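Commentary on secondary and tertiary structure
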Amino acid sequence: MLKRRKYLLHLRSGVLELGERTLVMGVLNVTPDSFSDGGKFLDPQSAIEHALEMERAGADLLDIGGESTRPGSTGAAAEAELARVLPVLEGLRGALKIPIAVDTRKSQVAEAAISAGAQIINDVSGLRFDPRLAEVAQRRSVPLILMHMRGEPATMQKGPFARDVMKDVVQGLHASIRKARAAGARKSQIVIDPGIGFGKSFEQNYELLRKLPELAKLGYPLLVGTSRKGFLGATLARNGKPGPPEERLWATAATVTASILGGAHIVRVHDVAEMAQVARVADCLLDPVRCRSFR
């Protein structure tokens, strides 16, 4: 187990402490085609209600995205993303107390989302799709989450996969960080994400989870998202058929625990109530003193 470093992220609403305990980021996909819940929250009112429900269930952050980047997806125009995301952000303004991240690869979407209340940019492309996102983060003084993705969503799971996944992820994240810093983004406002499931073989996802302490030593807060992902479905396969997303809860719990013990500061999940419990128990393994404070 790795003792987590502590960091401070500066948001417009205040300071977010990372490392004292694991923060749970709830996933809100307002898309018709996301792998796990596509279409379920496409209606703005249902999305708003689900966001508030996740807050009540223990979410510390909300991650809202209007473009699916699942394997095989072909993307969405900025106009379509904005049409999905902005009504939800506007509906949550003043109602949701936790910070909101906008999950987008596009500077145009990030700019509008920040104006509508988002306080963090979460870029799954690590600035490869639109480097101007770093300029938006710098100018609007918001944190920037940089994820590693090998390839593009449409083809990333068709390979070829990296021969050395850790080397590939570290080099990719360093390249993203250099772009961000060159655009003026402050080091203290950058969070990194190894991109579990994004251009990695099923076996490589497990390797990354085992070696998370190596990534945590890069000197940046670490976000990890394993929730309901395909490698878990493959592990749970029966009769040649992957376990469906809705039956991957306990597998997700195992990987969330591994992520926290490996140094993750934030875990990105669909099932907030359950994973908030997982995080609380895993934090006790990291810090027995904190565990005693729960009595």
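Below: a short report on this structure. (Residues numbered from 1 in each chain as written. Predicted model: local features only at pLDDT ≥ 70, side-chain atom pairs only at ≥ 80, totals over all residues. Heavy atoms only, no water.)

1. Quick word on the packing of helix 9 (residues 249–261) against helix 10 (residues 272–286)
For the pair helix 9 and helix 10, interaxial distance at closest approach is 9 Å and the crossing angle is 35°. For the crossing formed where helix 9 meets helix 10, the hand is right-handed. Of helix 10, the residues touching helix 9 (which contributes Leu249, Thr252, Ala253, Val256, Thr257, Ile260 and Leu261) are Glu274, Met275, Val278, Ala279, Ala282, Asp283, Leu285 and Leu286. For the contact of helix 9 with helix 10, the class distribution of residues is 11 nonpolar, 2 polar and 2 charged. (Axes fitted to C-alpha atoms, helices over the stretch in contact; angles between N-to-C directions. Helix = DSSP H or I, 4+ residues; strand = E, 2+ residues; numbered from the N terminus. Left-handed = near helix turned anticlockwise from the far one by under 90°. Contact = heavy atoms within 4.5 Å. Nonpolar A, V, L, I, M, F, W, Y, C, P; charged D, E, K, R; others polar.)

2. What about the pairing of strand 10 (residues 266–269)?
Here strand 10 shows a buried face lined by Ile266 and Arg268 and a second buried face lined by Val267 and Val269. In this structure, strand 3 (residues 23–29) lies alongside strand 10, joined through 4 bridges in parallel fashion. Bridge pairing links Leu23 to Ile266 in strand 10. Sheet analysis places strand 9 (residues 223–224) next to strand 10, joined by 2 bridges and oriented parallel. Within strand 10, the residue paired with Val224 across the bridge is Val267. (Buried < 20%, exposed > 50% of the residue type's maximum accessible area, 1.4 Å probe, protein only. Pairing = 2+ DSSP bridges.)

3. Quick notes on the pairing of strand 2 (residues 14–18)
Bridging between strand 1 (residues 7–11) and strand 2 involves 5 bridges; their strand directions are antiparallel. Paired with Leu9 across the strands is Leu16, a residue of strand 2. Count of turn residues in the strand 1/strand 2 antiparallel hairpin: 2 residues.

4. Describing the sheet that holds strand 3
Across the sheet, which stays open at both edges, the 8 strands sit in the order 8-7-6-5-4-3-10-9 with parallel pairing between neighbours. Of all the strands in the sheet, just strand 8 (190–193) and strand 9 have a single pairing partner and so form its edges. Packing against the sheet, helix 2 (residues 78–92) makes contact with strand 3, strand 4 (61–65) and strand 5 (100–103), and its axis sits at approximately 150° to strand 4. Sitting on the sheet, helix 10 is in contact with strand 3 and strand 10, with an inclination near 160° to strand 3.

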